[in-house]
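For reference, the chains in residue letters:
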Amino acid sequence: MKIFRIGAALTALLSISISASAAGWNWPASPLKEVYVDCDIEQSLQDAIDRAGWTARPYTIYVTGTCAEDITISRSRLEINGGGEAQISGRIRNFGAGITLRDLTITGPGEGLRASGGRTRLLDVHFVNNDGHGISATGNAMVSMRGGSVDGSSGAGIDSQSSVLNLRDVLIMSSMGSGIHALMSQITITGETQIFSNDIHGVHANLHSSVLIDGPVVITNNDIFGIRVEYASGLLTFGPIEIYGNGEFDAICGDSESSAVFTDSLPGTILCSDYDW
């Protein structure tokens, strides 16, 4: 008899669930979990991430102070919010999906961020004097950056390999490599992004990469080329872009299989066997 009652209860619950789904009802989402970390009193940001575990609920960590540690993220739906003042002196390795870094400064030894697969959002994050690339995207990663800057990297400012990169209102400057280096990647640059004073090129698109620029974007004062596309790569620009004052040429196509299309404004100097205006 007890077994019958339990079975009946489960049947009733299942019936309610099916009816709710059929009616288009939405069950409430998992509640947001918030955690606070103060690295100036020797609390660990990595410990807070590890305690988040593998739960599906969204998880936000508010961090203050300077965190002198390397960070590894392997879960999804995580946000690290620095409130505009927190600093991470170390490198961040992200293997998760749906990760947001907000209002942080990332500096110190190693690459600033290595995103391996998944989707990463960077909102007003500043990468300063990183030893290596400021940002490295690999393995079909999708990295979106809005606001913030990449300044003084010893490698490329941003290195993208087989990944997708979206930049808006970003400053990329003073890298010892190119501002952006892309290999088999899709790059979109919009808003008031400025790429300047990098030791090689402003943007280097290599091996079947595509670059879309929608102004007002400024690319200037890079040591060799403003933009270089080569090995079957392509460039398409819209809006009032300003590509000028770069060392040798402002835009160059490195081979006959690469092309550039400028729809609204031309760079100062162009070396492409075939480009449209």
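A short tour of the structure in this document, coming up.

Criteria and cut-off values
Sequence positions are assigned chain by chain, starting from 1 and proceeding in written order. Owing to the predicted nature of the model, reporting of local features is limited to residues with pLDDT of at least 70; listing and counting of side-chain atom pairs is limited to 80 or more, with chain, interface and lining totals taken over all residues. Note that the side-chain values use all heavy atoms of the structure and ignore hydrogens as well as water. Secondary structure elements follow DSSP: runs of H or I no shorter than four residues count as helices, runs of E no shorter than two count as strands, and numbering proceeds from the N terminus. Burial status follows relative accessibility: with a 1.4 Å probe on protein chains alone, a residue under 20% of its type maximum counts as buried, one over 50% as exposed, and anything between as partly exposed. Contacts are residue-level and defined by heavy atoms, with any inter-residue pair within 4.5 Å sufficient. Here the accessible surface of atoms and residues is derived via Shrake-Rupley with a 1.4 Å probe, and residues count as covered only by protein chains that are part of the display. Two cysteine sulfurs form a disulfide in these notes if their separation is within 2.5 Å. Surface patches are drawn from residues lacking salt bridges whose relative accessible area is over 30%; two like charges belong together within 9 Å, two nonpolar side chains (Val, Leu, Ile, Met, Phe, Trp, Tyr) within 5 Å. The working definition used for a salt bridge is a side-chain nitrogen of Lys or Arg within 4 Å of a carboxyl oxygen of Asp or Glu. For two strands to be treated as a pair, DSSP must find at least two bridges joining them. Ring pairs are drawn from Phe, Tyr and Trp, using the six-membered ring of Trp, whenever the two centres fall within 6.5 Å, and their geometry is named by plane angle: stacked under 30 degrees, edge-to-face over 60, tilted for the rest.

## Things to note about the overall build of the chain
Along its length, the chain carries two helices and 31 strands. By the burial criterion, 47% of the 277 residues in the chain qualify as buried. Excluding contacts between residues fewer than 6 apart, the proportion of contacts in the chain whose partners are at least 24 apart in sequence is 34%. In the structure as shown, the chain presents an accessible area of about 13200 Å², 53% of it carried by carbon and sulfur atoms.

## Quick look at the state of the cysteines
Using the criterion set out here, one finds two disulfides in the structure. A sulfur-sulfur distance of 1.9 Å marks the disulfide that ties cysteine 39 to cysteine 67. A torsion of 85° about the S-S bond marks the disulfide between cysteine 39 and cysteine 67 as right-handed. Residue cysteine 39 is found in the loop between β1 (33-38) and α2 (45-52), and its partner cysteine 67 is found in strand β3 (residues 66-67); the two are separated by 28 residues along the sequence. You'll find cysteine 39 and cysteine 67 in the same group, each marked buried. Residue cysteine 253 pairs covalently with cysteine 272 via a disulfide, S to S 2.0 Å. Measuring handedness by torsion sign, the sulfur bridge of cysteine 253 and cysteine 272 sits at about 80° and is right-handed. You can see cysteine 253 sitting in strand β28 (residues 249-253) and its partner cysteine 272 sitting in the loop between β30 (270-271) and β31 (275-276), a full 19 residues away along the chain. Considered together, cysteine 253 and cysteine 272 belong to a single accessibility category, that of buried residues.

## Details of a nonpolar patch on the surface
A surface patch of nonpolar side chains, about 300 Å² in accessible area, is lined by Met184, Leu207 and Tyr231. Among the secondary structure elements, tyrosine 231 is positioned in the loop between β25 (225-230) and β26 (234-238).

## Digging into the environment of glutamine 46
With respect to the secondary-structure elements, glutamine 46 resides in helix α2. Residue glutamine 46 is classed as buried on the basis of its relative accessible area of 13%. Distance from glutamine 46 to aspartate 70, taken between C-alpha atoms, is 7.8 Å for residues 24 residues apart in sequence. Among all residues touching glutamine 46, those that are not within four sequence positions of it are Glu69, Asp70, Ile71 and Thr72.

## Overview of the pattern of salt bridges
Pairs can form between side chains of opposite charge once their charged atoms are near each other. Applying the stated criterion across every chain yields a total of five salt bridges. The partner of glutamate 111 in a salt bridge is arginine 114, and the shortest N-O contact between them spans 3.1 Å. A relative accessible area of 30% means that arginine 114 is categorised as partly exposed. Note that arginine 168 is salt-bridged to aspartate 169, the shortest N-O span being 3.9 Å. On the accessibility criterion, arginine 168 (37% relative accessible area) is partly exposed.

## Here we look at the sheet that holds strand β7 (residues 92-94)
The strand order across the open sheet built from 10 strands is β4-β7-β10-β13-β16-β19-β22-β25-β28-β30, with neighbouring strands paired in parallel fashion. One side of each edge strand has no neighbouring strand; the edge strands of this open sheet are β4 (71-73) and β30.

## Topic: the pairing of strand β10 (residues 113-116)
Burial of β10 is one-sided: the residues Leu113 and Ala115 facing one way are buried, the residues Arg114 and Ser116 facing the other way are not. Across three bridges, the pairing between β7 and β10 is parallel. Directly across from asparagine 94, in β10, lies its bridge partner alanine 115. Here four bridges tie β10 to strand β13 (residues 135-138), and the two strands are oriented parallel to one another. For leucine 113, the partnering residue across the bridge sits in β13 and is isoleucine 135.

## A closer look at the packing of aromatic side chains
Each aromatic ring pair is described using two quantities: the centre-to-centre distance and the angle formed by the ring planes. For the structure on display, the rule yields one aromatic pair. Aromatic pair tyrosine 36 and tyrosine 62: ring centres 5.1 Å apart, planes at 15°, arrangement stacked. Within this pair, whereas tyrosine 36 is found in strand β1, its partner tyrosine 62 is found in strand β2 (residues 59-64), the two being separated by 26 residues in sequence. Judged by its relative accessible area of 26%, tyrosine 62 is partly exposed.

## Examining the sheet that holds strand β6 (residues 87-89)
Spatial ordering of the open sheet is given by β3-β6-β9-β12-β15-β18-β21-β24-β27, a layout of nine strands whose pairing is parallel. The sheet is open, and its two borders are formed by β3 and β27 (242-244), each paired with just one other strand. In terms of strand pairing, strand β12 (residues 126-128) meets strand β15 (residues 149-151) through three bridges, oriented parallel. Across the sheet, valine 128 pairs through a bridge with aspartate 151, a residue of β15.

Nothing here speaks to function; it is geometry throughout.
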